[in-house]
Amino acid sequence: MLGRRAQSVDPKPLTPGLCNGSQMVEAVEKTLPPRQRYVRKFIVYAALGIPQVNLETYRLRVTGLVERPLEFTYEELQRLPMKRYVRDAHCVTKWSVKDVEWEGVPIRHLAELAGVKPEARWVMFYSLEGYSTPVPIEDALHEDAIIALRMNGEPLPLENGFPARPFIPHLYLWKSAKWLTEIEFMAYYVDGFWERPENGAYHERGNVWLEERFKGMGGHHTARRPVL
């Protein structure tokens, strides 16, 4: 576990009132976290491959330090209260996609339904193909943290995580586990896939504005090829 509880940091707002060319360039740059650049579309990575999804058997479970463990079908998830917004998406490999429309269930709502116990300090996201990644509970319960079901008005494409993935705008995308099957509330920190030393020692939290790419900035990017 980290020596102190991690604090979430909200994205920086666009500076209003800038209108000429050079000022607009400066304003756009200010909307990007440090050392990021915009690309036109998502670069798709799948460290463990893209799984086959069967909606008849698919379930999303809420487990761990909760009073009431939960389980949802895809149809049941779609009937829960939704939140929709437009936010950029940021990959730790330094590319960003601008103005993506996201829609999904607030994680805070799922936590309330499950009755998260006060000793919970971390949340682990597990994926269908075996991937996992942890985030501090403060970030998982941020008002903009959602379990995304739709992107740009359509169900998530399979390569982007259909049927569900967490999305937390101020964290790098490796924390947005595609093909989500379980949300576990935990008392202590545990490495996920990319956080393990042999996979690069990526940061425990991954805040884009603080450029939290690696643990103690001593890790490294593991070679990866886009699948699409």
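In what follows, the structure referred to is the one given above.
None of the values given here were measured: they were computed from a predicted structure. (Residues numbered from 1 in each chain as written. Predicted model: local features only at pLDDT ≥ 70, side-chain atom pairs only at ≥ 80, totals over all residues. Heavy atoms only, no water.)

**Things to note about the side chain of Asn-199**
As a reminder of what qualifies: Segments assigned H or I by DSSP are reported as helices when at least four residues long, segments assigned E as strands when at least two residues long, and all are numbered from the N terminus. Pairing of N or O atoms within 3.5 Å defines a polar contact, subject to two protein rules: one partner must be a possible hydrogen donor and the other a possible acceptor, and residues neighboring in sequence count only if both atoms are side-chain atoms.
Of note, Asn-199 is situated in the segment after β11 (180-186). One polar contact links the side chain of Asn-199 to the main-chain carbonyl oxygen of Phe-193, over a distance of 2.8 Å.

**A look at the side chain of His-142**
We apply this condition: Exposure classes here rest on a 1.4 Å probe applied to the protein chains alone. A residue is buried below 20% of its type maximum, exposed above 50%, and partly exposed in between.
Within the secondary structure layout, His-142 lies in the loop between α4 (137-140) and β8 (146-151). For His-142, a relative accessible area of 10% gives the class buried. There is a polar contact of 3.0 Å between the side chain of His-142 and the backbone nitrogen of Asp-144.

**Overview of the sheet that holds strand β6 (residues 122-127)**
The condition that has to hold: Two strands form a pair only when DSSP identifies at least two bridges running between them. Throughout, an axis means a line fitted to C-alpha atoms (over the contacting stretch in the case of helices), and angles, computed between N-to-C directions, take values from 0 to 180 degrees. Should any heavy atoms of two residues lie within 4.5 Å, those residues are considered in contact.
What the five strands build is an open sheet, ordered β3-β2-β11-β6-β7; its pairing is mixed. The two strands at the open ends of the sheet, each matched to only one other strand, are β3 (70-72) and β7 (132-136). Each neighbouring strand pair of the sheet contributes to a mean axis angle of 15 degrees, computed without reference to strand direction. Across three bridges, strand β2 (residues 60-64) lies against β3 in antiparallel orientation. Opposite Val-62, over in β3, you have Leu-70 as the bridge partner. In this fold helix α3 (residues 107-114) packs onto β2, β3, β6 and β11, with an angle of close to 130 degrees to the strand it touches most, β3.

**Observations concerning the packing of aromatic side chains**
Short version of the rule: Any pair of Phe, Tyr and Trp rings, taking the six-membered ring for Trp, is counted once the centres come within 6.5 Å. Such a pair is stacked with planes under 30 degrees apart, edge-to-face with planes over 60 apart, and tilted for the rest. Two limits define a charge over a ring: the Lys NZ or Arg CZ must be within 6 Å of the ring centre, and within 35 degrees of the ring normal.
Going through the model one piece at a time under the given rule, you end up with 12 aromatic pairs. Their ring planes at 10 degrees and their centres at 3.9 Å tell us that Trp-102 and Phe-167 sit as a pair that is stacked. Of the two residues, Trp-102 sits in strand β5 (residues 95-106) while Phe-167 sits in strand β10 (residues 165-167), which places them 65 residues apart along the sequence. This pair shows no difference in class: Trp-102 is buried, exactly as Phe-167 is. Within the aromatic cluster, the residues linked to one another by ring pairs are Tyr-131, Tyr-172, Trp-174, Phe-193, Trp-194, Tyr-202 and Phe-214. Across from the ring centre of Tyr-85, 4.5 Å away, lies the NZ or CZ of Arg-87, which sits over that ring.

**Here we look at the pairing of strand β4 (residues 83-90)**
Residues in a regular strand point their side chains to alternate faces of the sheet. Sheet topology places β4 next to β5; seven bridges connect them, and they run antiparallel. If you follow Ala-89 over to β5, its bridge partner there is Val-97. Counted along the chain from β4 to the antiparallel partner β5, the turn is four residues long, and its residue Lys-94 has a positive phi close to 85 degrees.

**Observations regarding the nonpolar core**
Applicable threshold: The criterion is simple. A nonpolar core is a set of buried Ala, Val, Leu, Ile, Met, Phe, Trp, Tyr and Cys residues joined through side-chain atoms within 4.5 Å.
Judged by nonpolar contacts, the single largest core of 57 residues is most densely connected at Phe-42, Trp-102, Ile-183 and Phe-185. Setting aside anything within four residues of it in sequence, one finds Ile-183 in contact with Leu-60, Arg-61, Val-62, Thr-63, Leu-110, Val-123, Met-124, Phe-125 and Ile-147.

**Structural notes on the pattern of salt bridges**
The line we're drawing: Whenever Lys or Arg places a side-chain nitrogen within 4 Å of a carboxyl oxygen from Asp or Glu, that contact is recorded as a salt bridge.
Counting across every chain of the model gives 10 salt bridges. One salt bridge connects Glu-103 with Arg-150, and the closest N-O pair in it is separated by 3.7 Å. You can see Glu-103 sitting in strand β5 and its partner Arg-150 sitting in strand β8, a full 47 residues away along the chain. We classify Glu-103 as buried; its relative accessible area is 17%. Looking at Arg-150, the relative accessible area reads 29%, which means it is partly exposed. A salt bridge links Lys-215 to Asp-191; the shortest N-O distance between them is 2.6 Å. Within this pair, whereas Lys-215 is found in the segment after β11, its partner Asp-191 is found in the segment after β11, the two being separated by 24 residues in sequence. One connected set of salt bridges, linked through shared partners, spans Arg-35, Glu-211 and Arg-213.

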